[in-house]
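Okay, here's what each chain looks like letter by letter:
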Amino acid sequence: MIAAATSIPSEPWWIALIEAIVVVNVILLLFAYLTLVERKLMGRMQLRYGPNRAGPYGLLQPIADLVKLIRKEAFAPAAAIDLPYILAPVVSAFTAIAAFSFIPWGPGWTVNGWHINGAVANVSIGLIAIFALGSVGVYGFIVGGWASESKFSILGSMRTCAQLVSYEVSLALSVLGVVILGRSLNLPEIVARQGSFLPYAAPEFVGLLVFFIGGIAETSRAPFDLPEAEQELVAGYHTEYSGMRWGLFQMSEYINMITLSGLMVTLFFAGWHGPWDLGPIWFLLKTCGVLFAFIWLRTTLPRLRYDQLMRFGWKILLPVATVNAVVTAALVVAFG
Amino acid sequence: MSPQPVETLKGFGVTFKQIFKKPITQQYPEYKRPVYPRFRGRHRLWRHENGLEKCVGCSLCAAACPSDCIRVVAAENTPDNRVSAGERYARIYEINMSRCIFCGYCELACPFDAITLGNEFEISEHNRDDQIYTKDMLLAPPMKQVPVADPDLYDTPIPFYKSHS
């Protein structure tokens with residue numbers, strides 16, 4: 001555990017390990033069925049059925065997709081630089097899954113005298129750790145495109161890189177307001193403060209909006225899905241990837257989306273708190289709500305042009321996020 | 001283009017409302033949509049009422065074929081082996097369905113209406129060799145009968161097509 005503060009109750013390492021295994025599997029399952037729900041929901045919104053052939057109501061579709069991806073030939077270009085080429089999707093997928101370990105989903109329990117934390121890793125700088133892991137994950141996209149030794153890939157990875165770096169600034173600034181209000185970088189503490197006060201979505205409405213928009217761009221989802229732009233281009237940085245290597249990139253994108261939804265629920269919607277004491281179920285429901293918004297957005301809005309994306313990120317989103325943080329700080333100093 | 005927040009929000013309403021509507025997708029293997037009457041599917045060779053083949057082996061269809069998928073080898077009719085009504089008949093008549101583009105030019109080129117394009121469209125095979133249809137296969141009625149829609153349902157501006165389809 002990094003920098004365990006005195007207020008954080010510790011748990012033996014083996015409980016953390018069990019928790020980690022459970023969480024990783026739940027996240028992977030959530031990812032698998034998120035792809036199905038997305039396709040089904042998008043189908044319904046476009047008056048289609050979506051996948052409904054594999055199993056009852058198409059429920060086995062994610063498993064069929066997985067089997068297909070694993071059995072597919074992992075074709076690599078001859079000029080590709082082997083080690084970074086193979087490592088890039090692994091780094092992306094790893095950081096995506098690892099980032100979720102900081103997100104608290106419950107208040108913590110005591111079972112048979114053992115304390116169980118509501119998060120896999122309860123660290124005092126959880127928020128920064130998530131952003132740090134997200135930034136490391138970008139390396140997977142850049143290096144993957146670069147190591148492919150293909151012009152399309154490297155252009156795609158430059159595009160991805162520019163977008164992610166631009167929107168990361170606004171994303172980090174948008175949570176500053178919450179940090180100022182919560183007076184902590186420890187995520188469980190921020191959630192606990194919201195439980196006794198009110199969800200920060202109310203006082204930090206602008207921050208929430210900036211965080212949501214920045215989050216869409218960070219996970220490169222429509223309308224900011226320029227890294228892939230599936231209707232217009234072959235692909236972006238993963239042009240030369242196929243099989244499960246490509247699947248890992250896709251997995252990291254979807255898990256980043258889940259993590260970001262979880263972070264949004266944690267920071268703005270009071271995490272596991274709710275009218276009844278449901279604990280993790282509230283967290284899951286709220287996360288699913290945010291994920292629904294992500295999918296809803298994808299079906300509704302057309303893709304931005306690249307100059308529009310950059311202009312919006314630097315000229316609108318960044319100033320708004322900055323002003324929001326400054327105003328929040330001023331109000332906190334003035335009134336409380 | 002200026003931002004249009006109201007229109008954008010309306011768009012969200014539209015996509016949300018769609019969730020509760022019934023999808024308009026036709027589930028293909030369970031429901032087969034009737035083909036329209038002038039649909040061009042698998043070919044068919046025809047016989048006269050007395051059993052003689054209409055095809056006289058003139059190879060005009062092969063000449064008209066843009067994808068060069070028809071092969072005709074003609075032979076002379078003899079009194080003890082009379083196959084067609086004309087002087088000659090098609091000893092070999094093959095259509096390579098994997099090359100055919102179903103344009104219907106063979107049908108137009110045929111002076112005796114011996115070849116027409118039918119309605120059957122489920123003609124995929126596991127093997128490319130099976131895609132070559134021989135004369136016997138083309139003369140026999142198709143295995144699967146495809147439902148054909150009422151011609152009146154399909155409005156065409158050309159009256160000739162109403163009666164000749």
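### Description of the nonpolar core
Inference 1: One finds Ile255, Ile258, Met264 and Leu267 of chain A to be the most contacted residues of the largest nonpolar core, which totals 69 residues.
Inference 2: In terms of residue count, helix H9 (residues 243–268) of chain A provides more of this core than any other element does, 14 residues in total.
Inference 3: Sequence-distant contacts of methionine 264 of chain A, defined by excluding residues within four places in its chain, comprise Phe211, Phe212, Gly215, Phe269 and Val290 of chain A.
Inference 4: If you look at the next biggest cluster of nonpolar residues, it comprises 17 residues, including Val56, Val83, Tyr89 and Ile115 of chain B.

### A few points about the interface of chain A and chain B
Inference 1: Taken together, the contacts link nine residues of chain A with ten residues of chain B.
Inference 2: Listing elements by their share of the side of chain A that touches chain B, those giving two or more residues are helix H1 (13–45) and helix H10 (280–300) of chain A.
Inference 3: The leading source of residues in the side of chain A that touches chain B is H10 of chain A, at three residues.
Inference 4: Classifying every residue of the side of chain A that touches chain B gives four nonpolar, three polar and two charged.

### Concerning the packing of helix H8 (residues 205–218) of chain A against H9 of chain A
Residue and element names in this part refer to chain A.
Inference 1: It is at 11 Å that the axes of H8 and H9 come closest, and there the two elements cross at 170°. Relative to H9, H8 is oriented roughly antiparallel. In this structure, H8 contributes Leu208, Phe211, Phe212, Gly215 and Glu218 to the contact, and H9 contributes Leu260, Met264 and Phe268.
Inference 2: For the contact of H8 with H9, the residue count by class is six nonpolar, one polar and one charged.

### Some points on the confidence of the model for chain A
Inference 1: Mean pLDDT for chain A: 87, with 97% of residues reaching 70 or above.
Inference 2: Here residues 1–7 of chain A scores under 50 on pLDDT; set against residues more than four positions off or in separate chains, the count is nine contacts.

### Re the pairing of strand S3 (residues 88–96) of chain B
Inference 1: Sheet topology places strand S2 (residues 70–76) of chain B next to S3 of chain B; seven bridges connect them, and they run antiparallel. Opposite isoleucine 70 of chain B, over in S3 of chain B, you have isoleucine 95 of chain B as the bridge partner.

### As for unusual backbone geometry
Keep in mind that most residues, glycine aside, have a negative phi and that most peptide bonds are trans.
Inference 1: The peptide bond linking alanine 222 of chain A to proline 223 of chain A adopts the cis configuration, its omega dihedral lying at 5°.
Inference 2: When you line up the elements, proline 223 of chain A lands in the loop between H8 and H9.
Inference 3: Its identity as a non-glycine residue notwithstanding, alanine 229 of chain A has a phi of 45°, on the positive side.
Inference 4: In this fold, alanine 229 of chain A is placed in the loop between H8 and H9.
Inference 5: On the neighbour-count criterion, alanine 229 of chain A (17 C-beta atoms within 10 Å) is partly exposed.
Inference 6: One non-glycine residue with positive phi stands out, namely serine 59 of chain B, at about 70°.
Inference 7: Structurally, serine 59 of chain B can be placed in the loop between strand S1 (43–45) and helix H2 (60–64).

Procedures and definitions
Residues numbered from 1 in each chain as written. Chains lettered and ligands numbered in written order. Predicted model: local features only at pLDDT ≥ 70, side-chain atom pairs only at ≥ 80, totals over all residues. Core = buried A, V, L, I, M, F, W, Y, C linked by C-beta atoms within 7 Å. Buried ≥ 20, exposed ≤ 12 C-beta atoms within 10 Å, placed from the backbone. Helix = DSSP H or I, 4+ residues; strand = E, 2+ residues; numbered from the N terminus. Contact = placed C-beta atoms within 7 Å. Nonpolar A, V, L, I, M, F, W, Y, C, P; charged D, E, K, R; others polar. Axes fitted to C-alpha atoms, helices over the stretch in contact; angles between N-to-C directions. Parallel < 35°, antiparallel > 145°, perpendicular 65-115°, else oblique. pLDDT = per-residue confidence, 0-100. Pairing = 2+ DSSP bridges.

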